[in-house]
Protein chains: 2
Amino acid sequence: MAKLERSVLAVDVVLFRVDDGELAVLLHRRAQEPFADAWSLPGVAVRSAETLESAARRALLEKGGLHEASIPQLHLEQLYTFDALYRDPRGRTVSVAHIGLVPLDDAARSAGAWRPVAAVERGSLPFDHGQILETGVNRLRGKLRYTNIAARLLPDTFRIDELQAVYEAVLGRDINRANFRNKLLRIGLIEQAGVKAEAVGRRGGRPPHLYRFTSEGVEAEERDFV
Amino acid sequence: MAKLERSVLAVDVVLFRVDDGELAVLLHRRAQEPFADAWSLPGVAVRSAETLESAARRALLEKGGLHEASIPQLHLEQLYTFDALYRDPRGRTVSVAHIGLVPLDDAARSAGAWRPVAAVERGSLPFDHGQILETGVNRLRGKLRYTNIAARLLPDTFRIDELQAVYEAVLGRDINRANFRNKLLRIGLIEQAGVKAEAVGRRGGRPPHLYRFTSEGVEAEERDFV
DNA sequence: GCAAAAGTGTTACCACTACACCCATGC
DNA sequence: GCATGGGTGTAGTGGTAACACTTTTGC
C-alpha cells in the first residue's frame, strides 16, 4: 500500500466543450508511471506560491496540449476535493478538482485530445478520475439549470439553435425549440444582439438573429431554466 | 507577509443547528496566536493518514466543545476549498471547509458556543472565516430547496410545524402553512409516522401527527420544494 | 363555549407543454 | 414555387399562492 507520511496537494481539471452537438472532455496521455500511456485528466501538484486556479491553468498548459493564448480566458471553477487515502499509489494526494469550459468558437477547440464524454469508459481512467469526470458532468448539468453558465460554452453572440445545441448536448435530451426560445427570452436570460447572422455555411431558410446573455448575473436564480 | 515555502492542508467546519426558530452556528474561542481570544470556526490541520471528513470530526471534538457521543452521527459534507495565498498569516494554508448539521433533539445542542447566524458580524471572524460562513449559509439555503437535507436538522419523526420552523429559519422568510404542508405531502418528501404526538409543552389545540422523511432519496430532485 | 393549533378544500392565476402556423431567405 | 429553418401565437394542463373553512384538543 501507499505510504502516507507526506501529503501532496494537487489539482485535476475536467475541461469541457461542446463539439458538433456532443459534450467533449479534454484528456491527457500520461508519460510516466504510474499508469504510463493511460488517458487521464490533466493535473499537476500545487506549488506553495500559486493559487489552485493558477495550478489548474498550468495543468492545462503543461498537460492539456491547448494553445497557450486561450488558457487565460477559460472559465474555471472548483468542483470538489477528492481525498480518499489511497487514491494515488505513490502516497497521500488530495486533489482539488476543477471544471473548465471552452467556448464554441475558441481556437482551443482544435488543439488537444478531446473525447466525447459519452464515449469515455469511466473505469478506464486512472486514479479516481472516472469518479471526478462523473461528478463534473453532474455538476455542469445542475448548473446549466439555474445559472447562466452556458454563456461560457458559447461566443459572446450566438444563434439560438447553437444555444439549444449546447443545452441538449449537456443535458443529453431533446428540448422543444419554440418553448426553449420563448422561455429564455421571457425570463431575460438572453436578449437580441440586433444584427442578423451572416449565412455562413447555411443551407437556406430564414436568417437567424444573434443573441447574447444579458449582463445581469443569473447566478442566484431560483427557478429552472429548462 | 507570510512565508510560502511549505503548504499546510486544513479543514474548517461550519456547524449549523436550528434553535428556537433561529439558524445558529458553532464558534470556537481561539486559545493561541494568531487571533488569540477571537471567535472562529473550529478547524484543524489534516493529518496524512486521515480523510478530510475524519479531520472535520476531529475539529469538532477538539475545538467544538460538543459532547463526544454526538459527533459520529453528525451530517457532514464538503463546502468549498479556500486557498487565498495569504489567508493565514503563518504561511500557506489551504482549507477544505465543511458544513455540518445537528438535529434539533440532539444533546449536542446544549454543548458548545452556539451563536445565531444573523448576529455574527462576518468581519469580526478571523482569517477568511466570515467568507466561509457566508458561503456555508448560501449552500445550506440552496440545498434545502432541492434536497431532503432538512432531515439532518430534525429528529427521525417530527411535527410539521417543527419542519416549517427549520425551513423558515434557514431561508429567512415566512412560508404559508397550508401550502407548505400540502406540497411536501403531495410530492412525497414526507409521510405520516402514524402516531400522534404527545401534548408535551403544548397549550391546547388539535394534537399534531408525527411525520418522517420518506426513505427514497430526494437528492437528485429537479424542482424546488418551497 | 371559546381559544388554539392541526388539517382540508377552493379559487384565481401563472407557467409549462405541445403544436400549429407565419416569416424570410436560397435555389 | 418550394424547401428550409427562424420566429410567433394559442389552447390545454397542472402546479402555486392566498385564503377560507373544518376538526380536535385544553380549559
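### Regarding the overall build of chain A
And then number 1: Helix and strand content of chain A: four helices and nine strands.
And then number 2: In chain A, the succession of helices and strands from N to C terminus is β-β-β-β-α-β-β-β-α-α-α-β-β.
And then number 3: Sequence-distant contacts, at least 24 apart, represent 66% of the contacts inside chain A between residues at least 6 apart.
And then number 4: Accessible surface for chain A amounts to roughly 11200 Å². Of this, 46% is attributable to carbon and sulfur atoms.

### Quick look at the protein's contact with DNA strand D
And then number 1: As a matter of local geometry, DNA strand D sits amid 22 residues, with Arg-203, Gly-205 and Arg-206 of chain A together with Lys-183 and Arg-186 of chain B nearest to it.
And then number 2: Backbone sugar and phosphate groups make up 56% of those atoms of DNA strand D lying within 4 Å of the protein.
And then number 3: Tyr-211 of chain A is positioned such that a nitrogen or oxygen atom in its side chain is 3.4 Å from a phosphate oxygen of DNA strand D.
And then number 4: Elements that contribute at least two residues to the surface near DNA strand D include exactly helix H4 (177–186) and strand S9 (209–213) of chain A together with helix H4 (177–186) of chain B.

### Some thoughts on the protein's contact with DNA strand C
And then number 1: In the vicinity of DNA strand C there are 24 residues, among which Lys-183 and Arg-186 of chain A together with Arg-177, Arg-203 and His-209 of chain B approach most closely.
And then number 2: A breakdown of the atoms of DNA strand C within 4 Å of the protein gives sugar and phosphate a share of 59%.
And then number 3: Contact distances for DNA strand C include 3.3 Å between a base nitrogen and a backbone N or O atom of Arg-206 of chain A.
And then number 4: Contact between DNA strand C and Arg-177 of chain B: a base nitrogen at 2.8 Å from a side-chain N or O atom of the residue.
And then number 5: Where the surface near DNA strand C is concerned, the elements lending two or more residues are H4 of chain A together with H4 and strand S9 (209–213) of chain B.

### Here we look at H4 of chain B
And then number 1: Of the residues that open H4 of chain B, the one with a side-chain oxygen 3.0 Å from the backbone nitrogen of Ala-178 of chain B is Asn-176 of chain B.
And then number 2: At the C-terminal side of H4 of chain B, Gly-188 of chain B shows a positive phi close to 80°.

### Points about the pairing of strand S1 (residues 8–19) of chain A
All names here are of chain A.
And then number 1: Burial of S1 is extensive: ten of the twelve residues sit out of reach of the surface.
And then number 2: With nine bridges connecting them, S1 and strand S6 (residues 93–101) associate as parallel partners. Each bridged residue has a counterpart across the sheet, and for Val-8 the counterpart in S6 is Thr-93.
And then number 3: Where S1 and strand S4 (residues 43–45) come together, three bridges link them in antiparallel fashion. Following the sheet pairing, Val-11 is matched in S4 by Val-44.
And then number 4: Pairing geometry for S1 and strand S2 (residues 22–29), over four bridges, is antiparallel. Residue pairing for S2: Arg-17 is matched across the bridge by Ala-24.
And then number 5: The antiparallel pairing of S1 with S2 creates a hairpin that spans two residues between the two strands, and Asp-20 there sits at a positive phi of about 55°.

### Quick word on the nonpolar core
And then number 1: Core analysis: the largest hydrophobic core is formed by 42 residues, its most contacted members being Leu-15 of chain A together with Leu-15 of chain B.
And then number 2: Counting only elements with at least two residues in this core, the list comes to S1, S2, helix H1 (52–63) and S6 of chain A together with strand S1 (8–19), strand S2 (22–29), helix H1 (52–63) and strand S6 (93–101) of chain B.
And then number 3: What Leu-15 of chain A contacts, discounting residues up to four positions off in sequence, is Ala-24, Val-25, Leu-26, Leu-60, Leu-66, Leu-74, Gly-100, Leu-101, Val-102 and Trp-114 of chain A.

### Considering the domain arrangement of chain A
Residues and elements named next belong to chain A.
And then number 1: Per the domain assignment, the segments making up chain A are domain 1 (8–146) and domain 2 (149–213).
And then number 2: Summarising the inter-unit geometry, the C-alpha centres of domain 1 and domain 2 are found 27 Å apart.
And then number 3: On the side of domain 2, 13 residues touch domain 1, which itself brings 18 residues to the contact.
And then number 4: It is Val-18, Leu-104 and Leu-144 in domain 1 that bury the most area against domain 2; as a group they hold 39% of the surface buried on that side.
And then number 5: Taken together, the connections running from domain 1 to domain 2 amount to zero salt bridges.
And then number 6: Summed over the shared surface of domain 1 and domain 2, the number is two residue pairs in polar contact (both at pLDDT 80 or more).
And then number 7: Counting residues per element, the side of domain 1 that touches domain 2 draws most heavily on helix H2 (residues 129–146), which supplies five residues.
And then number 8: Looking at side-chain class alone, the side of domain 1 that touches domain 2 contains nine nonpolar, two polar and seven charged residues.

### Describing the layout of surface pockets
All names here are of chain B.
And then number 1: Of the volumes computed, that of the second largest pocket is approximately 690 Å³.
And then number 2: Lining the second largest pocket are 30 residues; nearest its centre among them are Val-8, Ala-45, Asp-88, Arg-90 and Thr-93.
And then number 3: When contributions to the lining of the second largest pocket are tallied by element, the ones reaching two or more residues are S1, strand S4 (43–45) and S6.
And then number 4: Considering every element that reaches the lining of the second largest pocket, the biggest residue donor is S1, with four residues.
And then number 5: For the lining of the second largest pocket, the class distribution of residues is ten nonpolar, nine polar and eleven charged.

Scoring rules and cut-offs
Residues numbered from 1 in each chain as written. Chains lettered and ligands numbered in written order. Predicted model: local features only at pLDDT ≥ 70, side-chain atom pairs only at ≥ 80, totals over all residues. Heavy atoms only, no water. Helix = DSSP H or I, 4+ residues; strand = E, 2+ residues; numbered from the N terminus. Contact = heavy atoms within 4.5 Å. Areas by Shrake-Rupley, 256 points an atom, 1.4 Å probe, with all protein chains shown as cover. Near = heavy atom within 4 Å. Polar contact = N/O pair within 3.5 Å; in protein donor to acceptor, adjacent residues only side chain to side chain. Buried < 20%, exposed > 50% of the residue type's maximum accessible area, 1.4 Å probe, protein only. Pairing = 2+ DSSP bridges. Core = buried A, V, L, I, M, F, W, Y, C linked by side-chain atoms within 4.5 Å. Domains from an automatic or database assignment. Buried area = accessible area lost by both parts, 1.4 Å probe. Salt bridge = Lys/Arg side-chain N within 4 Å of Asp/Glu carboxyl O. Nonpolar A, V, L, I, M, F, W, Y, C, P; charged D, E, K, R; others polar. 1 Å grid on protein atoms, 1.4 Å probe; cavity = no way out; pocket = protein on both sides within 12 Å on 5 of 7 lines; lining within 4 Å. Points joined across faces, edges and corners; volume = space filled by probe spheres on them.

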